[in-house]
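Structural overview
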Amino acid sequence: MKNSKIFTENLYLHYGSKMALNNINLAIPEKKVTALIGPSGCGKSTYLRTLNRMNDLIDSVKIEGNISIDGINIYDKNIDVVNLRKKVGMVFQKSNPFAKSIFENVAYGPRINGISDKNQLTEIVEKALQNAAIWDEVKDRMNDSALGLSGGQQQRLCIARTLAVNPEIILMDEPASALDPISTSKIEELIVQLKENYTIVIVTHNMQQAARISDMTAFFYIGELIEYDKTKNIFTNPEKKQTEDYITGRFG
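I will try to describe carefully the structure that is included in this document. Small disclaimer: the values here were computed from a predicted structure and weren't measured.

Side note on the packing of helix H6 (residues 151–163) against helix H7 (residues 181–194)
Following both chains from N to C, one finds H6 and H7 inclined at 20°, their axes separated by 9 Å at the closest point. Between H6 and H7, the interaxial angle falls into the category roughly parallel. Two packed elements cross with a definite hand, and for H6 against H7 that hand is right-handed. Contact with H6, carried on its side by Gly152, Gln155, Arg156, Ile159 and Leu163, involves Ser183, Lys186, Ile187, Leu190 and Leu194 of H7 and no other residues of that element.

Listed below in structure tokens is the structure:
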């Protein structure tokens with residue numbers, strides 16, 4: 001696919017003897033939102049974690065095939081995984097702020113990457129919080145603990161923390177599943193804004209959410225990629241009966 005940021009070719013992944021991903025081929029476009037949908041345990045989150053090599057942390061995992069970002073194979077033995085994870089940020093299902101101040105949560109990544117100048121850090125933190133659409137809510141509370149924020153605010157803070165290290169790709173694993181409807185709609189609005197500057201891949205169980213915010217949708221089932229197309233086509237005119245059955249709620 002033209003303008004592919006991430007290209008996955010013949011990807012197989014096993015946990016021990018269990019196959020979790022079976023021959024995945026997927027081209028993810030740049031500066032778009034790609035949603036991964038499918039029932040629980042079908043391989044969506046496993047696939048998401050292959051894109052920043054988080055699965056490397058699991059002892060029994062075995063991976064075959066290629067994933068390239070900007071034409072570079074991220075499983076090449078010479079790849080610096082720390083740099084890869086800087087380029088490919090991740091936002092988890094449960095917001096996970098550190099027990100530190102709001103400022104220090106966002107400054108954490110830049111500090112680890114060697115930035116210590118207070119003015120520069122302040123600028124980075126402010127910009128990240130603005131880009132995560134939470135600056136106006138926290139600008140007078142920068143020294144307060146991040147744990148005092150609401151669930152929705154904590155999730156946007158975690159997005160700001162991801163943005164502070166200047167990634168190109170943001171992976172989101174059900175970022176709104178633990179949130180109330182108002183917080184969810186704020187996260188969704190934010191995702192749509194962020195795609196102007198970032199490539200976003202999101203795992204969601206929420207069909208309506210996928211339909212609302214994504215440009216492309218990939219339907220996974222039992223470790224296989226069943227169908228991948230523009231979101232509009234997947235939801236209005238899927239090619240595979242399995243996709244149609246899942247989207248219309250006949251199973252899953």
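From this point, things continue past the structure.
Looking at the packing of aromatic side chains
Summed over the entire model, instances satisfying the criterion amount to four aromatic pairs. Grouping aromatic residues by their ring pairs yields a cluster made of Phe219, Tyr221 and Tyr246. The positively charged end of lysine 118 is found above the aromatic ring belonging to phenylalanine 103, 4.6 Å away from the centroid. One Lys or Arg, arginine 161, reaches over the ring of phenylalanine 98 and ends 4.1 Å from the middle of that ring.

Considering the layout of surface pockets
What the largest pocket holds in volume is close to 580 Å³. Lining the largest pocket are 20 residues, and of these Arg85, Met90, Tyr108, Arg161 and Val165 lie nearest its centre. Broken down by secondary-structure element, the contributors of at least two residues to the lining of the largest pocket are helix H2 (81–87), strand E6 (88–91), helix H3 (102–112) and H6. Looking at the lining of the largest pocket element by element, the count peaks at four residues for E6. In terms of residue class, the lining of the largest pocket is built from 11 nonpolar, six polar and three charged. What lines the second largest pocket is a set of 16 residues, among which Ile124, Leu163, Ala164, Val165 and Asn166 lie closest to the centre. Looking at the lining of the second largest pocket, the element that brings in the most residues is helix H4 (residues 118–131), giving five residues. Classifying every residue of the lining of the second largest pocket gives nine nonpolar, four polar and three charged.

What counts as what
Residues numbered from 1 in each chain as written. Predicted model: local features only at pLDDT ≥ 70, side-chain atom pairs only at ≥ 80, totals over all residues. Heavy atoms only, no water. Axes fitted to C-alpha atoms, helices over the stretch in contact; angles between N-to-C directions. Helix = DSSP H or I, 4+ residues; strand = E, 2+ residues; numbered from the N terminus. Parallel < 35°, antiparallel > 145°, perpendicular 65-115°, else oblique. Left-handed = near helix turned anticlockwise from the far one by under 90°. Contact = heavy atoms within 4.5 Å. Phe/Tyr/Trp six-rings, centres within 6.5 Å; stacked < 30°, edge-to-face > 60°. Lys NZ or Arg CZ within 6 Å of the ring centre and 35° of its normal. 1 Å grid on protein atoms, 1.4 Å probe; cavity = no way out; pocket = protein on both sides within 12 Å on 5 of 7 lines; lining within 4 Å. Points joined across faces, edges and corners; volume = space filled by probe spheres on them. Nonpolar A, V, L, I, M, F, W, Y, C, P; charged D, E, K, R; others polar.

In short, the description is geometric, and any link to function would need to be established separately.
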